[in-house]
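# Structural overview
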Amino acid sequence: MEYGLIGEKLGHSFSPVIHKEFYIPEYGLMEIPKDEIDAFFEKADFNGANVTIPYKETAMKHCIPDETSKAIGCVNTLVKDADGLKGYNTDTLGFEYMVRRAGISFEGQEVVILGSGGTSKTACYTASKMGAKSIYLLSRSGKSYPIDVDAELTFLKYEDISKAAGVTVLINTTPVGMYPNNYESPVELSSFPKLEAVVDVIYNPLVTSIVQEAKKRGMKTTNGLPMLVAQAYYAEQYFFHKEPSFSDEDMEKINRTVSVIEKSKKNIVLIGMAGCGKTTVGKILAEKENLQFADTDELFKDKFGIPAGEYIEKYGEPAFRASESEVVKEISTKQGFVIATGGGAILRQENVDALKQNGLLVFIDRQLKELSSEGRPLSKGSEKKKALYYKRLPIYTAISDAKIFVDADAATIAERISNIDNIGDKKMKLLVINGPNLNMLGIREPGMYGSESYHDLIGMCENKAKELGVEAEFFQSNHEGDLVDKIQESYGRIDGIVINPGAYTHTSVAILDALKAVSIPTVEVHITDVDNRDEFRKISFIRSYVKKVITGHGLNGYLEAMEFLAK
């Protein structure tokens, strides 16, 4: 075998997948028993190899280590050349890449590192190299370890944690919080009131409990996946006798592979009202993305032997929610799934936190009138369904990473979800609403409103949306209630409204109240200069609410409104 990974047990290693994304399609796993490892290293029947626990320190005795490896006391990369085996430690390069990527600086900072193993030494060495002023090393024993660094080191037991209260960066190198013990955390972040950033070398789950808490506090964070990928990349640089660097080209190659690996491990979690199509869409999406599929209602039935609806009717909703949480937490520890959740699964924060550890939460929003309530006791009947929808809508909106409105078949919705690379890719969504008689543009008083049709208006707005990089949808009705319904449906899925209420401008308190209720930034548009027409047209009920009023600019007024909202 030319290239591979050396370790004792390697069944769940990501290394072959990572190296295939770079330059080595044939990368093997070499599981060696402890009583055979010295002989294996002496024979060195490979060109290049990575070394993982428990053999990183053993490998030092069989190679010529570089200065970094000497300082830390272990190697993770071996390269055979004419002089024998050369040893390197690319974990330090991987660690540096990871924190650079997260925008975390050590320059002049006080740092705390949890743990005392090999990764602790890597973190200590690299943090010092990157300018850390002082480093506190917390472990159960509090024992020191030999390491050659410039930073001031203080070794502490966990009971002395208060001595590290002034740190600004925390690094977890312990396995606490790693699968299958996802919901454990090594320390309370409240112990560090000045903390600004948290680094956790764990990558399963993708977001550990301690990182999750740090995110809620607005801190910079990273998991360990970027380090894992980067150390592999830099190992290959040594394999092929290249000098590792942090050039833009190198960073881009590593970033791309991190994204590929993360996508293969991340769950896609579908949330939304019962009957919105989560299960149907989810099954199509799972097949398309080559992921496994799970429905929490079906998992509930398998675990407790009774459908969710019957359980609620028999034992009540509080008992159901407690049992449902068991199911949600179990499936959330898995990776590589599409998970369709029950409509109320997100009502418990513990469930949301669990789902977000490995998942991207996608809110499937469907028009209220299209939601099925068959077999669902909590939303049985149109009024109960409506009340439940508006109660849950703010929660769905607040916790979701992406929102998809159901206006097409399930396959199309699955395709849209598939195209969501990350939450930063969400486009702004604008809604252009027109009131009565505006569907008659081009026919209605062309001397005043122009000869361009409503179809022309939509075309102009679509072109403007492409120019601005936003999404736009359109709605026109001659009925006040329809306009109110459309505004209400926009809550949680529309980022800005352009509205020409037509004649309802001068009469409708209901439209004003609907706009206030959803609290979406809105621009009022009129094709003609209504302030210089009939006296009654000078009255606008919505003007007291909207962000901007554009009158008398013809159809171009709509484009100006879209540009205003986009900015």
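The preceding data block contains the structure.
A brief report on the enclosed structure follows. (Residues numbered from 1 in each chain as written. Predicted model: local features only at pLDDT ≥ 70, side-chain atom pairs only at ≥ 80, totals over all residues. Heavy atoms only, no water.)

### What to know about the packing of aromatic side chains
Counting across every chain of the model gives 19 aromatic pairs. Feature note: the residues F300, F304, Y311, Y315 and F320 constitute an aromatic cluster, connected by ring pairs. When the ring centre of Y145 is taken as origin, the NZ or CZ atom of K121, which lies over that ring, is 5.5 Å away. A cation sits over an aromatic face here: K303 above F304, 5.8 Å from the ring centre. (Phe/Tyr/Trp six-rings, centres within 6.5 Å; stacked < 30°, edge-to-face > 60°. Lys NZ or Arg CZ within 6 Å of the ring centre and 35° of its normal.)

### Let's talk about the packing of helix 13 (residues 317-332) against helix 14 (residues 349-358)
Following both chains from N to C, one finds helix 13 and helix 14 inclined at 15°, their axes separated by 8 Å at the closest point. When the axis of helix 13 is compared with that of helix 14, the two are roughly parallel. The two elements helix 13 and helix 14 meet at a crossing, and its hand is left-handed. Note on element contacts: helix 14 touches helix 13 through E350, N351, A354, L355 and N358, opposite E324, S325, V328, K329 and S332. For the contact of helix 13 with helix 14, a count of residues per class yields 3 nonpolar, 4 polar and 3 charged. (Axes fitted to C-alpha atoms, helices over the stretch in contact; angles between N-to-C directions. Helix = DSSP H or I, 4+ residues; strand = E, 2+ residues; numbered from the N terminus. Parallel < 35°, antiparallel > 145°, perpendicular 65-115°, else oblique. Left-handed = near helix turned anticlockwise from the far one by under 90°. Contact = heavy atoms within 4.5 Å. Nonpolar A, V, L, I, M, F, W, Y, C, P; charged D, E, K, R; others polar.)

### Brief notes about the nonpolar core
Ranked by size, the top nonpolar core spans 39 residues in total, and within it I268, L270, I271, V362, I364 and I417 carry the most contacts. Judged by nonpolar contacts, the second largest core, of 28 residues, contains I72, I104, Y125 and L137. (Core = buried A, V, L, I, M, F, W, Y, C linked by side-chain atoms within 4.5 Å. Buried < 20%, exposed > 50% of the residue type's maximum accessible area, 1.4 Å probe, protein only.)

### Thoughts on unusual backbone geometry
Here the residue pair I53 and P54 is connected by a cis peptide bond, since its omega of 10° sits within 30 degrees of zero. Within the element layout of this structure, P54 appears in the loop between strand 3 (48-51) and helix 3 (56-60). Note that the residue after Y179, namely P180, is joined by a cis bond; omega there is 10°. Along the polypeptide, P180 turns up in the loop between strand 10 (169-172) and strand 11 (197-200). Look at S519: it is not a glycine, yet its phi comes out positive at around 55°. By the element assignment, S519 lies in the loop between helix 20 (509-518) and strand 21 (522-526). Residue S519 is classed as exposed on the basis of its relative accessible area, which comes to 52%.

### A closer look at the sheet that holds strand 18 (residues 429-434)
Strand order in the open sheet made by the 5 strands is 19-18-20-21-22, with parallel pairing throughout. Either end of the sheet is taken by a strand with one partner, and the two such strands are strand 19 (471-476) and strand 22 (548-551). On average, adjacent strands in this sheet sit at an angle of 20° to one another, irrespective of strand direction. With 3 bridges connecting them, strand 20 (residues 496-500) and strand 21 associate as parallel partners. If you follow V498 over to strand 21, its bridge partner there is V523. (Pairing = 2+ DSSP bridges.)

Read these as geometric descriptors, not functional statements.
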